[in-house]
Amino acid sequence: MSRPYVITVSSEKGGVGKTTLATNLAVYLKALSEDLPVTILSFDNHFTVDRMFRLSSDQAEYHVGHLFRDVAATELIRQGEYGVQIIPSCHNLNIFNKQAPSDEQLAEILSKVHLGGVLIIDTCPILDPYTRNALYAADRVIVPIKDAPSLENCRHLANFFTDHGISRSPLRLLPCLIDSRIHYSGPFRNSYQLLKAYAINRGYRCLEGFIAKSPKVESLATNPEGKVYPVLTHGRSTDVHLQFSHLARQIYLEYLEKGPHRMGEIFEGQRTREQNLVRREQERRQRLLGHCLCCAKQLDQQQLQKAFYAETSDRELCGFIEENCFYEMIFNDLYGEQKAGSSSAIRELFRESAQRSYFLMQRLDTAKITLARLDKNGETLSQRTSDIKTTRGLLRRGTPFLHNLLEHALPQNAPGKLLLLRQNSGHNGQILAEAPYARFQTVFSRARLDFETPEDVKDPGQNNLVFP
Ligand SMILES: Nc1ncnc2c1ncn2[C@@H]1O[C@H](COP(=O)(O)OP(=O)(O)O)[C@@H](O)[C@H]1O
Ligand SMILES: [Mg+2]
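Residues numbered from 1 in each chain as written. Chains lettered and ligands numbered in written order. Predicted model: local features only at pLDDT ≥ 70, side-chain atom pairs only at ≥ 80, totals over all residues. Heavy atoms only, no water.

**Quick look at the overall build of the protein chain**
We apply this condition: Each helix corresponds to a stretch of at least 4 residues labelled H or I by DSSP, and each strand to a stretch of at least 2 residues labelled E; elements are numbered beginning at the N terminus. Two things to know: the radius of gyration comes from C-alpha atoms, and the globule rule equals 2.2 Å times the number of residues to the power 0.38. Buried, partly exposed and exposed residues are distinguished by accessible area as a fraction of the type maximum, computed with a 1.4 Å probe on protein chains only: under 20%, between the cut-offs, and over 50%, respectively. Between two residues, a contact is recorded if the distance between any of their heavy atoms is within 4.5 Å. Only the protein chains shown count as cover for residues, and the accessible areas themselves come from Shrake-Rupley with a 1.4 Å probe. Asp and Glu are treated as the negative residues and Lys and Arg as the positive ones, with His and the ends of the chain left uncounted. To locate a charge, the coordinates of NZ of Lys, CZ of Arg, CG of Asp or CD of Glu are taken.
Helix and strand counts for the protein chain stand at 20 helices and 14 strands. A globule of 468 residues ought to have a C-alpha radius of gyration of about 23 Å, yet the protein chain, at 33 Å, is considerably larger. Expressed as lengths along the three principal axes of its C-alpha atoms, the size of the protein chain is roughly 100 × 50 × 40 Å. For the protein chain, the residues scored as buried account for 50% of the 468 residues in total. Partitioning the intrachain contacts of the protein chain with sequence separation of at least 6 by distance along the chain shows that 73% fall at a separation of at least 24. Entry remark: accessible area of the protein chain is about 22,500 Å², with carbon and sulfur atoms responsible for 48%. Here the protein chain carries 57 positive and 53 negative side-chain charges, and the mean point of each set is 1 Å from the other.

**Quick notes on the confidence of the model for the protein chain**
The following threshold applies: For every residue, the pLDDT score states the predictor's confidence, bounded by 0 at the bottom and 100 at the top.
Averaged over all residues, the pLDDT of the protein chain is 89; the fraction at 70 or higher stands at 91%. Counting interchain partners and residues more than four positions distant, the pLDDT-below-50 stretch residues 452-468 has 25 contacts.

**Some words on the environment of L374**
Residue position: L374 is located in strand β12 (residues 368-374). Judged by its relative accessible area of 0%, L374 is buried. The sequence separation of L374 and V443 amounts to 69 residues, and the corresponding C-alpha distance is 8.7 Å. Setting aside chain neighbours within four positions, we find L374 in contact with S357, Y358, L360, E379, T380, L381, L419, V443 and A447.

**Observations regarding the sheet that holds strand β10 (residues 318-321)**
By definition, the strands of a sheet pair up through backbone hydrogen bonds, in either a parallel or an antiparallel sense. As a reminder of what qualifies: Pairs of strands are assigned from DSSP output, requiring at least two bridges between the strands. Axes here refer to lines fitted to C-alpha atoms; in helices the fit is confined to the stretch in contact. Angles between the N-to-C directions go from 0 to 180 degrees.
Spatially, 7 strands are ordered β8-β10-β9-β14-β11-β12-β13 in an open sheet, and the strand pairing comes out mixed. Edge positions in the open sheet fall to β8 (288-292) and β13 (380-387), since each of these has one partner strand only. Across the sheet, the mean angle from the axis of one strand to that of its neighbour is 20 degrees, orientation sign disregarded. Sheet topology note: the strand β9 (residues 308-312)/β10 ladder contains 4 bridges and is antiparallel.

**Some thoughts on helix α13 (residues 261-287)**
For the record, the criterion: One less than the residue count of a helix, multiplied by 1.5 Å, gives the span that helix is expected to have.
Look at α13: 39 Å from first C-alpha to last across 27 residues, which is about the 39 Å you get at 1.5 Å a residue. R262, M263, G264, I266, Q270, E281 and R284 are the residues of α13 that are buried. Against the buried residues of α13 lie β1 (5-9), α5 (105-111), α6 (129-136), β8 and α19 (434-446).

**Looking at the pattern of salt bridges**
Spelled out, the test is: Throughout this description, the term salt bridge denotes a Lys or Arg side-chain nitrogen within 4 Å of a carboxyl oxygen of Asp or Glu.
By the definition in use, this model includes 19 salt bridges. Residue E323 is joined to R422 by a salt bridge in which the shortest nitrogen-to-oxygen separation is 3.1 Å. Here E323, found in helix α15 (residues 323-334), pairs with R422, found in strand β14 (residues 417-422); they are 99 residues apart in sequence, far enough to count as distant. The pair E323 / R422 is uniform in exposure class, with both members buried. Three or more residues are tied together by salt bridges with common partners; here these are R54, D58 and R78.

**Re the domain arrangement of the protein chain**
As a reminder, the rule being used: How far each domain reaches was decided by an automatic or database domain assignment.
Here the protein chain is partitioned into domain 1 (5-259) and domain 2 (287-462). One C-alpha centre belongs to domain 1, the other to domain 2; they are set 58 Å apart.

This is how it looks when you write it as structure tokens:
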């Protein structure tokens, strides 16, 4: 699979020459190697990229915002001027995508896309989520610096890499908009040399050369056609033309030598993560008991869809309780025979609320069991403490379900807890998958029974059970 070599042009300062650099680099790279696919996109909303590359006949309906909306990147790419491909810009990414992408999202999308060659990303002058995405995905980050303040701002970009635990090695500074008429006495004869020395002194690496300030280059964005022209076609007489040629050669050489290693890294990292998720889910499945923890019968697929998943706090026991066994146990063995079967409306109400609830069971001593109903955050909504009858008593008055469950999950001397959750469509029948299981564990870590005073425990009748 051919992945793109990603070059991000970024700086937290505006007007340092980012867009001029990104667009012209695209044109010069394409001119240097006709066979090299070169694609450009901008996360800024100034549309300079579009004005330079978009063919006037092009009626694209998609733009860069769609990258984050599961539209395949290859669908978004349009053939543009000078042989460069373009993904059109978006007026306001923050409005278009209400939810900001995580820093890794673009890299993950691009690592799966069949797009070879070089992808150049122009960014806006703030470290917003889209700039962060462009930095995270980059093989090479070019930071134009035109003066001391823009050099100081590089710190934030460098910190971005450190904060993500990734190497800063993609970062390269490039002095831009250098006024060649200014000379200093002393060791640094002009602002290029001075900026370069400052940069190196602060531990940054620079690309070779610089881009000079040129009135001709500045004029290329203003014309009756409303286009932005490249230096290669309309500014060949300038020094900047030679400087861009030199820059493009450096970048092309790096591309040839190193290739799209960042995308490969991202792809491998993701594959390892996915494999780990599958492995962890398999391990959880292997620990599962196949039979219902209450009636001991084997559960079929249909029963599993609606069964209650149960796990002890020491994770020694995990398995399912068939739905009807769970309700029977609640009404006959825990809720008390005086109300058992009393009102089908109450039962219905309970069944309904049980779809959305967690249940926590804990043994207080050999003779008492507490059942609490919890909300999705693990907050106790209600709880009740019941006497545990002897086996004989249970069998006489109700079912052996509670007895079976306790024997398996909460034996007499074990201090543990048991958390239960009904499988439902929200979990897609997959409570053992990473995200639902992590949620289950989060609730478990928060779940507490509310015993304010020892008296409460001794007065089980007071709490109004598990109903909403
Ligand atoms: N080498 C250059 N010489 C003269 N003007 C330039 C040069 N590069 C860029 N400019 C001008 O400087 C301004 C800012 O450049 P731009 O590329 O838009 O910077 P940024 O994207 O960092 O905001 C624009 O008006 C542009 O035409
Ligand atoms: Mg710009």
